[in-house]
Every structure is written in C-alpha cells, then in structure tokens.
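Now for the letters of each chain:
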Amino acid sequence: MSRTTQAPKALRGAGNYIDDRFHLAKTGKKQLGKVFPNHWSFMLGEIALYSFIILLVTGVFLTLWFKPSMAEIVYDGSYERLQGVPMSEAYASTLYINFDVRGGMLIRQIHHWAALIFVASMLVHMLRVFFTGAFRKPREINWLIGVALFGLAMIEGLFGYSLPDDLPSGMGVRILQGVMMALPLVGTYVSMFLFGGEFPGEDIIPRLYMLHILLIPGILLALIGAHMLILWHQKHTQYPGKGRSEKQVVGSPMLPAFAVKAGGFFFFVFAVIAGLSAFVQVNPIHLFGPFTPTSITSGLQPDWYMGFMEGSLRIFPNWFDIDVAGYSLPTAVLIPGLVIPGLVFGAMALWPFIEQWLSGDKRHHNVADRPRNAPVRTGMGVVGITFYGLLWLAGANDVLSETFSVSLFATTWFFRIAIIAGPIIGFVVTKRVCLGLQRRDREQLEHGYESGTIQQLPSGEFIEVHRESSEETVHVLESKAPVSRIEVGDVDENGVEAPSARGLMGRLRLRLADWYTRDNVSFEGVDPHSGHHLHHGAHEGGDAHEESRDGAAT
C-alpha cells in the first residue's frame, strides 16, 4: 500500500501562513520548474557568481584587520626582515594579517585567487556568449550589463590590489595618476581630487578602500541581480540539437536536478580556489616591501586582466605628443591609457547593435549559433582576442627580453608591428577556416560522413564509402539558418534606389552588409543524405556501389 509523504506539521503551518498572504505556491511551482541546459559551458557564468560570493565572504573577514591609512609607522611585527622599516599603516596591517592573524594569509590568498578567477570566468563566459551569438535579440540589454560588470570587475580588482601599499601596487597607483594627468584640461584637477593633493598624499588609500568595499561592490551586486532577473525571465539560450527549437528548451529542471548540481558545483569551485590558495602563492607583498615614490623595479606586472593596458602604454610611441598654444597634449599616455580601452569596451558594447544594423536581423534567437556559421562575427572575436593577447604579452616585454636574450627595443618594435598585423591575419585565417568548416558540414549533411572504408567499383575506380550521420548530428547541421541580409543595390521599377541605400551611411551600410554576408555557404535546399546517388550517379557502376555501400553498412 502506497503512503504519501508529508512535510512536518511545523513546516506546513509556516508554508500555509506565508501562502495565505502572498500566494507564492502557484508562482513558485512554475518558477522552480524552470529548465536549465545541461551543456558544461553554461556553468562558466556560475563560476563567476560563486567566485564573487567567495570574494564577499573573504573580503568581510579581511576588513576586520586591514587599516586603510597612509600614516607612516615603524614596523615591529613578527616578520623580522622588515622590522624597523618605515611604512604605511595599510602595509603594516596587511603584514599583520599575513603573519599574526590565524589563517590570515590563507584568506588573503583565497580573496586574491577568487578575484583572478572571477574576472577570468567572466571573460570566458562573455566569449562563449559572443561566439555563439547569445547576445542577439532579445538579450542585448543583458549583454550590456555583462560588459559593464566586466569593466567594473577590472576596476574593482585594480583598487583591491592597490590597497596593501606595497611596491608593485604603489607603482600601479602611480600609473593610474599618470593616465589621469593626461586628460586634456581637467587631468590635473581630477588627479588632485582623487589623491587629495600631490601624489601620493595620505588620502588615496582610504578613498580606494571606500570605493573597493562599498561603492563598486554595491553596483556589482545590483548589476548581477539585474542580470539574473533578466536571465530568469528570458531563459537561457541553448545549443542546436534534437528536440531543441526557438520555442522549446531541453535541460534539467531547477528542482531538484539543477539545484543539486549547482550546489555541488559551488563547493567544487570553492575547493579549487582554496587548493590554489594553499599551494600556489600569489601577490606575496611581504617580499616586495613597502612603496616609496623613489623606488622602482623591473619584472613586475599587474594582475593579468590589467596587463593589456600596461602593454599598450609600453609600446605606444611618443611621436604623436602635441603642443597647442604652449599646452602639451600627452597622446602617448592618453591614447594607450584611455582611448584604446575605451575602443575595446565600446566595440564590445556596440557589437550586437552593429551586427543587427548590418544584417537587418530583428528576429528573436533562443538557439545559439555554431561559431563557424557566423564567420565574420567569429573573425571579429578572434581580432579582439589577438589584439588583447598581444597587448597583454607586450606588458611583459622586459621579461620576454631577458628570458629569450632579445633586445628590449626589438621586442617593443615586434609588438608595434604585430598589434597591427596580428588581428588582420587572425581575421582572415579564422574566416577562411569557418567557411571551410561550413562546406564540410554541407558535404556531410548531403553525403554523410566518410567511413574510412575503401571500395573498388567494377570500373576499377576506388571510392570511400559514406555512412549516414546520426539523427543528432543531422539536427545540429540543419541548425544553420539562412543568413539574414539587407538587399544590396535594391531599386524600384523606375530604377530609383531604395531610401536605405541613399546617402553616405546608406551606401556604407550596404557595402558592409555585403562584406558581412556574401561568403556564407548556403544550406538551403539540401536534404540530409540526398547527395549519395548524385555523387555516384556519374559512375557506370552506380547501382553496384549503392548495394556495396549498403552491404558495408551492415
């Protein structure tokens, strides 16, 4: 005899009390049944979320002992190598956390590793979204929120590793002040406002501390909340496959499958970060010493996500500095320090709208693209990766020069040339590879896949037997939608150009639209496995081959 399991009386009472007032049962049942796709790449965003939670928890712990003060003291703590050395209270309190607070160094390491993984997972998550076209309508707003989150996370990280006031972090703050000073007209005012006077002053650490623990985390929390709410409402995209469509999502329900998996995954992320923190040292500020404005060193780089700005500052030539009416405009700092990051983030934010403008595609998209099916977009993504990667490497040109015994000037010139040629080569190669893969996909959809079995026809010709692709593969191959495009050179019956083609912007749009879509391989009219007979129809032994193929298949 079956017996229905009921919740404890106390829980039922509390649940009924809440539901009588807020009527959450029906809504909750629907929302908790939300389906999540099972592909591993959808967990990248969750790594970022879990890292952020770890950052908040460990950050609260560190605030109990950290003193955001630039007041100078003489160190007399337990780290003997720095005893008697003048330093700021901020640096001394960080040493105290490292060596005198139980578990303090481990928590600092966890906090720093979580920050590195937070930014890295966001970047990889955004790359997945970009290359699969998951930013398309109706998800443009969530893409913009993601770009803002990524930029704020970088600034949050910069301010965070500046707080200990050790030698590398002080040099980073000095670079930040230099970039501010390069702003035309207002640069000196902005610098004086942030630093409270001349560099370094005594106000910069308390102000960065306030921004690091209050303002920016608050904005990040608000944006993450908005990101999650929009995601919940619009639902995930999904990869093409059997049973998946623009209106049907395949995956695991929120309860119990996804909740259990997500909970376990949180502890896995935490375990990996804790393991890294226990065994891999990061930012050992006790080895660097306190910052003094007259000290400098080599071989030091900022955290990885700021390396591209370091590289752009190192390789940008100073030939373009301008003097206007006795006023100097230091473009050698202004362009690499502000203009280039602005262009990178501006391009990221605007790409969904640029792509929509070029293709005229205003459809809702819930099934993700395969990167090969959008060769220009994929090529542009590789352009961004190549550009960012080369700048990141240029930020370590002194280390590369020493490691490979190459002149520092040679490495600088190499990166100056590569930063122009590399993205162009990357785009051309990527687009050609994507188009080649499209042709192979069409061949596989039409003829099946090559089995590796060679047969000889009665005519003496050797052929390779093709076999039919699986149903799942056919669904994936057939997911390539016709490319949406605006018509180029469209005219009416009187030969008058369409309004969209007139004017400079109209002609530019048509040219770019033609460039964006013209090389795509069309799958229209291709029926799965319909090309077998066509392929072998020219052979006199075509019927014999068909029989042989069937025989081989058995």
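Residues numbered from 1 in each chain as written. Predicted model: local features only at pLDDT ≥ 70, side-chain atom pairs only at ≥ 80, totals over all residues. Heavy atoms only, no water.

We now examine the pairing of strand β7 (residues 449-456). Inspection of the sheet shows β7 paired to strand β8 (residues 462-467) by five bridges, in the antiparallel sense. Residue pairing in the sheet places Q455 in a bridge with I463 of β8. With antiparallel pairing between neighbouring strands as the criterion, β7 and β8 make up a hairpin whose turn holds five residues, including G460 at a positive phi of roughly 100°. (Pairing = 2+ DSSP bridges. Helix = DSSP H or I, 4+ residues; strand = E, 2+ residues; numbered from the N terminus.)

Time to look at the pattern of salt bridges. Pairs can form between side chains of opposite charge whenever their charged atoms are close. If you walk through the whole model with that rule in mind, you get 13 salt bridges. Between R363 and D361 there is a salt bridge, and its shortest N-O distance comes to 2.9 Å. Judged by its relative accessible area of 11%, D361 falls in the buried class. One salt bridge connects D369 with R377, and the closest N-O pair in it is separated by 3.3 Å. No difference in accessibility class separates D369 from R377, as the two residues are buried. (Salt bridge = Lys/Arg side-chain N within 4 Å of Asp/Glu carboxyl O. Buried < 20%, exposed > 50% of the residue type's maximum accessible area, 1.4 Å probe, protein only.)

Mapped onto this numbering, the UniProt entry annotates "domain: Cytochrome b/b6 N-terminal region profile" (unreviewed entry) at residues 14-240. Across residues 14-240 one finds 68% helix and 4% strand; the C-alpha atoms that close the span lie 43 Å apart. (UniProt positions renumbered as here; feature names shortened; annotations may be inferred.)

As a further point, take the side chain of R136. Of note, R136 is situated in the loop between α5 (104-131) and α6 (140-162). Here G133 takes part through its backbone oxygen, which lies 2.8 Å from a polar atom of the side chain of R136. Polar contacts involving the side chain of R136 include one to the main-chain carbonyl oxygen of V367, which spans 3.4 Å. Once residues within four sequence positions are removed from consideration, R136 is found in contact with E355, H365, V367, A368, D369 and R377. (Polar contact = N/O pair within 3.5 Å; in protein donor to acceptor, adjacent residues only side chain to side chain. Contact = heavy atoms within 4.5 Å.)

So, on to the layout of surface pockets. Empty space within the largest pocket amounts to approximately 1200 Å³. As for the largest pocket, its lining consists of 48 residues, and the residues nearest its centre are L158, Y161, G172, I175 and P302. Looking at the lining of the largest pocket, the elements that each hand over two or more residues are α5, α6, α7 (167-181), α12 (307-315) and α13 (331-359). The element that contributes the greatest number of residues to the lining of the largest pocket is α7, accounting for nine residues. Of the residues belonging to the lining of the largest pocket, the class tally is 30 nonpolar, twelve polar and six charged. (1 Å grid on protein atoms, 1.4 Å probe; cavity = no way out; pocket = protein on both sides within 12 Å on 5 of 7 lines; lining within 4 Å. Points joined across faces, edges and corners; volume = space filled by probe spheres on them. Nonpolar A, V, L, I, M, F, W, Y, C, P; charged D, E, K, R; others polar.)

Grouped together as the largest cluster of nonpolar side chains are 85 residues, with contacts concentrated most on F118, I204, I273 and Y305. When residues in this core are grouped by element, the largest group, 14 residues, is from α5. Ignoring sequence-local partners within four residues, the contact set of I273 consists of S51, I54, I110, W113, A114 and I117. Formed by eight residues, the second largest nonpolar core is a distinct cluster that contains Y79, M87, Y91 and I285. (Core = buried A, V, L, I, M, F, W, Y, C linked by side-chain atoms within 4.5 Å.)

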